[in-house]
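What the coordinates show
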Amino acid sequence: MPTDGPVGIHDLTFRTAGLVLPHTELARHTGACVTKYHQGIGQQAMSIPATDEDIVTMAAEAAAALMERHGADRLRTLLFATETGIDQSKAAGVYVHQLLGLGPHMRVVELKQACYGATAALQLATALVRRDPGQHVLVLASDVARYDLDSPGEATQGAAAAAMLIAADPALVTIHPTSGLYTHDVMDFWRPNYRATALVDGKKSLAAYLQALRGAWRDYRHRGGLDVAQLHTVCYHQPFTRMAHKAHAQLLQEAEVPATAAEIARALAPTTSYNELVGNSYTASLYLALAALLDSDQQLDGRSVGFFSYGSGSVAEFFSGTVRTGYRHLLRTEEHLEAVQRRYPIDYDTYRRLHRMHRLPRQELPVNGAQHDLPHGVSGRYRLAGFHEHQRIYECVSPPPLFPQP
Ligand code: HMG
């Protein structure tokens, strides 16, 4: 029987890539003043995938943590949001399904609309659970943000995967049914199929993001959404964390609520701690902001939180949710800190070498289907072992799949 009861995020975690380039190291070589990175854009470091890591390995790591806690018995749908697609046809989630050893009676689909894709997946998931509250839906958001070397966007690169379990009577956050939507055809950021890096008009993208925020917020309020005073804080999509400050200033101006820069910084500080260390993770970024908020030591029981999701191109959504009483018992703060702290620091030359390897077509990979093994990097349980007969070969290093199939 369908439910009118609470539906939302029952569990949430994220994982990031195994390597890290601190902005101090970047600044030493680009000649930029490091305060431009630390304060101007609000970034400290960026996650860089090793040669055997990609959106699938990061997402599988995050998803495995959820499955270990909740099992897969109620799982009928896996939605994988990404704009770092690895195949024009096959959904990346099917690889995760196999790596985790999930059962065959499931639907697995990939969704794309730049950084907005994960929010589309979340909303689809809540509708599926509302129709059948006995089901769980696994939402994965995984991306590697790559800009051209020596471009303005370079300092905002990053990589991460967020995993969310959507369920009835959720333990973490109930998602409210009211949403504000805004779609606008704008060429602020895009990546044609023949490119490994995005094309971006940086200044235009800032304006497009803020225009979409105004549009989505007005629609949200028009449809009966909460006013600013009812929101404890807002989690924003954070391409770089200072963007959230610009956005919140814009929102408060729209709502005619005066606030100083220091007040805005105080309101948003709990939401930015992971993104400033990881960099832009596109679809995952908003949900890393939520993880940071929940992991920070605040009393959030029963508080309402706003969410702003923006995907260049552009599609945006403003929505809200209520943090459930007792959410603290299910947090994964230690795991999140470990994911960030265990990254191996690399120097600038190694970073540039890895970056060049991802140019398309990848010169170092055979395009004739020949076997190509990738060197072991610093990845965790799952790795991209190589390519064979035009196929990506993933492997589970240890331990074996969670739910081995007969
Ligand atoms: P830039 O043009 O090199 O930087 O790159 P800038 O000169 O504008 O400086 C940035 C800030 O640092 C400025 O602050 C400077 O004043 C300050 P602001 O005026 O904006 O408040 N600054 C300093 N502060 C302290 N000490 C210093 C110093 N020097 C300068 N010494 C740009 C900035 C955003 C253009 C670039 O990073 C870029 O192109 N990024 C990629 C695009 C992007 O992130 N856009 C965001 C909105 S679009 C979006 O969110 C979607 C996206 O995630 C993709 C998707 O949806 O899939 C990107």
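Notes on the structure follow. (Residues numbered from 1 in each chain as written. Predicted model: local features only at pLDDT ≥ 70, side-chain atom pairs only at ≥ 80, totals over all residues. Heavy atoms only, no water.)

Quick notes on the overall build of the protein chain
Within the protein chain, the secondary structure is distributed over 12 helices and 17 strands. Scaling as 2.2 N^0.38, a compact globule of 406 residues should have a C-alpha radius of gyration of about 22 Å, and the protein chain matches this with 20 Å. The principal-axis extents of the C-alpha atoms in the protein chain amount to approximately 60 × 55 × 40 Å. Taken across its 406 residues, the protein chain has 58% of its residues classed as buried. Partitioning the contacts of the protein chain with sequence separation of at least 6, the portion at a separation of at least 24 is 76%. With the model as given, the accessible surface of the protein chain reaches about 17000 Å², and the carbon-plus-sulfur share is 52%. (Helix = DSSP H or I, 4+ residues; strand = E, 2+ residues; numbered from the N terminus. Rg over C-alpha atoms; globule rule 2.2 N^0.38 Å. Buried < 20%, exposed > 50% of the residue type's maximum accessible area, 1.4 Å probe, protein only. Contact = heavy atoms within 4.5 Å. Areas by Shrake-Rupley, 256 points an atom, 1.4 Å probe, with all protein chains shown as cover.)

Observations concerning the site of the ligand
In the neighbourhood of the ligand, 26 residues make up the surrounding shell, with E83, C115, K203, S205 and K246 lying closest. In the environment of the ligand, an oxygen atom lies 2.4 Å from a nitrogen or oxygen atom belonging to the side chain of E83. A distance of 2.5 Å separates an oxygen atom of the ligand from a polar atom in the side chain of K246. Considered on its own, the ligand offers 1100 Å² of accessible surface; in the complex 73% of this is hidden by protein. Of all the secondary-structure elements, those providing two or more residues to the shell around the ligand are α2 (34–40), α6 (202–222) and β12 (304–311). A per-element tally of the shell around the ligand places α6 first, with five residues. (Near = heavy atom within 4 Å. Polar contact = N/O pair within 3.5 Å; in protein donor to acceptor, adjacent residues only side chain to side chain.)

Brief notes about helix α8 (residues 261–272)
For α8, built from 12 residues, the straight-helix expectation of 16 Å at 1.5 Å per residue is met to within 8% by its first-to-last C-alpha distance of 15 Å. Those residues of α8 hidden inside the fold are in contact with β11 (233–236), α7 (241–254), α9 (275–278) and α10 (285–295). (Expected span 1.5 Å × (residues − 1).)

Some remarks on the sheet that holds strand β3 (residues 45–48)
Pairing is mixed across the open sheet formed by three strands, whose spatial order is β3-β2-β14. Two strands lie at the open edges of the sheet, namely β3 and β14 (344–345), each paired on one side alone. Looking at chain direction, strand β2 (residues 19–22) and β3 are connected through four bridges and run antiparallel. Paired with P22 across the strands is A45, a residue of β3. Strands in contact with helix α1 (residues 23–30) are β2 and β3; relative to β2, the strand with the most contacts, it is inclined by about 55°. (Pairing = 2+ DSSP bridges. Axes fitted to C-alpha atoms, helices over the stretch in contact; angles between N-to-C directions.)

Everything listed here is a matter of coordinates, which is why it stays silent on function.
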